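Structure assessment
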Amino acid sequence: MSSARYTTSLHQRDARTQLFDGFDSSRSNSPAPSASSGMRAASPNSRGQYSDYVMSQLESQNDNELDNLTAKVRILKDITTKIGDEVRDSSKFMQNLENGFDSTRVRLKGTYNRMMRMAERSGISWKVWLGFFAFVFLMFFWVWIF
């Protein structure tokens with residue numbers, strides 16, 4: 001399963017292929033290669049130890065990878081910080097919006113109650129008022145369209 005996430009970058013491939021410089025593939029077909037038959041420099045010696053050159057190459061590659069990983073973590077930290085800021089701003093905006101809707105609800109309820117008291121005092125039923133407001137709305141709509 002190949003994924004872009006698991007692929008290596010080109011500079012890493014170049015550094016890794018340098019390990020095979022000087023390796024003669026025609027001699028590698030022998031079943032048990034000896035030290036004179038083209039063994040790679042990256043192979044451990046008889047005691048299982050690697051040369052200083054190989055170790056320094058591996059260490060520098062690890063340092064490069066650590067720097068890349070540190071940069072990626074820093075980018076992720078910046079992104080999460082920005083997401084947190086956006087969430088706080090959105091939360092504050094939603095709270096203000098909720099307060100605005102609540103105050104509008106209170107105003108509309110008060111206006112409705114005053115309108116109902118006015119309708120009761122005038123002696124005209126609510127159906128007549130509804131018809132009147134529907135007529136006014138239709139007149140505005142008629143003027144707006146034509």
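Note: the structure precedes this text.
Remember, it's a predicted structure, so these values are computed and weren't measured experimentally.

The rules we used
- Residues numbered from 1 in each chain as written.
- Predicted model: local features only at pLDDT ≥ 70, side-chain atom pairs only at ≥ 80, totals over all residues.
- Heavy atoms only, no water.
- Helix = DSSP H or I, 4+ residues; strand = E, 2+ residues; numbered from the N terminus.
- Buried < 20%, exposed > 50% of the residue type's maximum accessible area, 1.4 Å probe, protein only.
- Areas by Shrake-Rupley, 256 points an atom, 1.4 Å probe, with all protein chains shown as cover.
- Expected span 1.5 Å × (residues − 1).
- Phe/Tyr/Trp six-rings, centres within 6.5 Å; stacked < 30°, edge-to-face > 60°.
- Salt bridge = Lys/Arg side-chain N within 4 Å of Asp/Glu carboxyl O.

When its secondary structure is counted, the protein chain shows three helices and zero strands. Counting helices and strands in the order they occur from the N terminus, the protein chain gives α-α-α. Put simply, the protein chain has 146 residues, and 5% of those count as buried. Carbon and sulfur atoms form 62% of the exposed surface of the protein chain, whose accessible area is close to 13200 Å².

Here we come to helix H2 (residues 52-122). For H2, with 71 residues, the first-to-last C-alpha span of 103 Å sits near the 105 Å given by 1.5 Å per residue. Turning to H2, its buried residues are Val54, Gln57, Gln61 and Ala119.

Before going further, it helps to examine the packing of aromatic side chains. According to the stated counting rule, one finds five aromatic pairs in the structure shown. Judged by centre distance (6.2 Å) and plane angle (15°), the rings of Phe137 and Phe141 are stacked. Linking Phe137 with Phe141, this pair stays in helix H3 (residues 126-145), spanning four residues, or about one helical turn. Joined through ring pairs, the aromatic side chains of Trp129, Phe132 and Phe133 make up one cluster.

Another point: the pattern of salt bridges. Here the structure, examined in full by the defined rule, presents two salt bridges. Residue Arg88 pairs with Asp85 through a salt bridge whose shortest N-O separation is 2.5 Å. Here Arg88 and its partner Asp85 are both found in helix H2, three residues apart, which amounts to about one turn of the helix. Using a relative accessible area of 51% as the deciding quantity, one classes Arg88 as exposed. Residue Asp85 is classed as partly exposed on the basis of its relative accessible area, which comes to 34%. The residue Asp102 makes a salt bridge to Arg105 at a minimum N-O spacing of 3.0 Å. Placement of both Asp102 and Arg105 in helix H2 is noted, with a separation of three residues, approximately one turn of the helix. On the accessibility criterion, Asp102 (40% relative accessible area) is partly exposed.

Purely geometric numbers; function is a separate question.
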